[in-house]
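Observations on the model geometry
These are the residues of each chain, in order.
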Amino acid sequence: MLLVKIHRDALLRPLQIVSGIVERRHTLPILANILIRKDGENVSLLSTDIEVQISTHAAIGSGKDVVATTVAARKLLDILRALPETEVSLSLTNKRMTIQSGKSRFALQTQSAEEFPTVAQAEHFSAKVELPQKTLKHLFNMVHFSMAQQDIRYYLNGMLLVIEGKEVIAVATDGHRLAYSRVELTEAPSGSGQRQEIIIPRKTILECQHLLEDSDEILEINLTANQVKFSFGDIELISKLVEGKFPDFQRVIPKGQKNSLVVDRDLLQAALQRAAILTTDKFKGVRFSLSPNRITVQSTNAEQEEAQEEIEVEYGGDAVEIGFNVSYLLDVLSNLKNDKIQISLGDANSSAVITLPGSENFKYVV
């Protein structure tokens, strides 16, 4: 039975969309597969790892048959990538899928669609938010680097999303630094109207960043107590949420720091990259010395080697010496796009806050 006969790229795009979350090793072997359903010309592809589920659809089917099967995602993807950019056909015969293009032919084993576990979708959502894709992508880009990776405090291995009134706030922290970003919606979300706080898993955030485009196309977020659904274009991504209580980020962000300066982002980034050459994997420390109209950045290592960089800035505050993990500073500088950044400090023992001059929409505490 012929499923699809189309140009390779028309099949490759939807397959790439759903393959990102497919793990190579699974306790359930069928989770290495993708579910392909064909109903006439509408073909839908779906993948899941039980926590996250991605589906997409395209009008690429051949014939009027209705059929569903599952096949190894990586093998199918690798075959399609390796084939020339010409017409490709997929057909199904006796539990085997045949991929044919020109004189190339591959046969893959399939497994029954009935055995494939899909994420149960919530019937009622407590809130619905609509915003442009590029706005959400920007929000995630501003904070994602501060998420913990494998912390035993599992609620840090993700990102807090707060929806209140017309504000959407994203916060991420690994316990050493915290990033906060906020955007304002043109319209208030529909639903209960109450403040919503959810923790979205790290894997879901990274997959969203991969899939979201810099477009004004409207994206829809639907929330429940334990699930979030993102719908944009022909893609639908459903994810379980992380249970737990995220730290009170408002208490972590220092207020009223008396020493503040504005510095060129590129200059500071280049100076820190050079100073970081002499730090070690175990000790990533650099020392900042603030004096009138100057920042001095120094690093040393166990071999008594040292680096020193001086940057001229407009600064008339106290003389302050403070140490930082250089990786935490480089992370934020590489993700910001502004020419200038503002650094606010109290003394050597308090956290520093990096913001954008004249804006309250972004804060980074380190």
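Residues numbered from 1 in each chain as written. Predicted model: local features only at pLDDT ≥ 70, side-chain atom pairs only at ≥ 80, totals over all residues. Heavy atoms only, no water.

Attention now moves to the overall build of the chain. Across its full length, the chain holds 7 helices and 25 strands. If you line up the chain on its principal axes, its C-alpha atoms span 75 × 50 × 35 Å. Taking all 366 residues of the chain together, 50% fall into the buried category. Looking at the chain as shown, the accessible area adds up to about 18300 Å², and 46% of this sits on carbon and sulfur atoms. (Helix = DSSP H or I, 4+ residues; strand = E, 2+ residues; numbered from the N terminus. Buried < 20%, exposed > 50% of the residue type's maximum accessible area, 1.4 Å probe, protein only. Areas by Shrake-Rupley, 256 points an atom, 1.4 Å probe, with all protein chains shown as cover.)

Once that is clear, we can look at the sheet that holds strand β12 (residues 178-184). Sheet architecture is open: 8 strands sit in the order β14-β10-β11-β12-β25-β24-β23-β18, paired in antiparallel fashion. Each edge of the open sheet is held by one strand with a lone partner, namely β14 (196-201) and β18 (259-264). Within the sheet, the average angular offset between the axes of one strand and its neighbour, ignoring direction, is 20°. Across 6 bridges, β18 lies against strand β23 (residues 340-345) in antiparallel orientation. Across the sheet, residue Val-262 finds its bridge partner in β23, namely Gln-342. Packed on one face of the sheet, helix α3 (residues 133-143) meets β10 (158-164), β11 (167-173), β12 and β25 (362-365) and runs near 165° to β12. The strands that helix α7 (residues 326-335) touches are β23, β24 (353-355) and β25; relative to β25, the one it contacts most, it runs at about 165°. (Pairing = 2+ DSSP bridges. Axes fitted to C-alpha atoms, helices over the stretch in contact; angles between N-to-C directions. Contact = heavy atoms within 4.5 Å.)

For Lys-95, which is not glycine, the phi torsion reads 60° and is therefore positive. The residue Lys-95 is located in the loop between β6 (87-93) and β7 (96-101) in this model. Phi is positive for Gln-304, which is not a glycine, with a value near 65°. Residue position: Gln-304 is located in the loop between β20 (294-300) and β21 (306-312).

The next subject is the packing of aromatic side chains. This model, assessed by the stated rule, comprises 5 aromatic pairs. Judged by centre distance (5.8 Å) and plane angle (75°), the rings of Tyr-154 and Tyr-155 are edge-to-face. With 5.9 Å between their ring centres and 40° between their planes, Tyr-180 and Phe-249 make a pair best called tilted. On the criterion of sequence distance, the pair formed by Tyr-180 in strand β12 and Phe-249 in helix α5 (residues 249-252) is long-range, its members being 69 residues apart. The class for Phe-249 is buried, based on a relative accessible area of 5%. Across the ring face of Tyr-180, the terminal group of Lys-363 is positioned such that the distance to the ring centre comes to 5.5 Å. (Phe/Tyr/Trp six-rings, centres within 6.5 Å; stacked < 30°, edge-to-face > 60°. Lys NZ or Arg CZ within 6 Å of the ring centre and 35° of its normal.)

What follows deals with the sheet that holds strand β22 (residues 320-325). By definition, the strands of a sheet pair up through backbone hydrogen bonds, in either a parallel or an antiparallel sense. Strand order in the open sheet formed by 4 strands is β21-β20-β19-β22, with antiparallel pairing between adjacent strands. In the strand order of this sheet, the two ends are held by β21 and β22, each with one partner. On average, each strand axis in the sheet is tilted by 20° relative to the strand beside it, whichever way the strands run. One ladder, built from 7 bridges, connects β20 with β21; its direction is antiparallel. Each bridged residue has a counterpart across the sheet, and for Val-297 the counterpart in β21 is Glu-309. Contacts from helix α6 (residues 265-276) reach β19 (285-291), β20 and β21 within the one sheet, and its direction differs from that of β21 by about 170°. Against the sheet, α7 touches β19 and β22, its axis set at about 80° to β22.

For Leu-77, the location among the structural elements is in helix α2 (residues 73-82). Residue class for Leu-77 comes out buried when judged on its relative accessible area of 2%. On a C-alpha basis, the gap between Leu-77 and Thr-204 in space is 21 Å, while along the polypeptide they are 127 residues apart.

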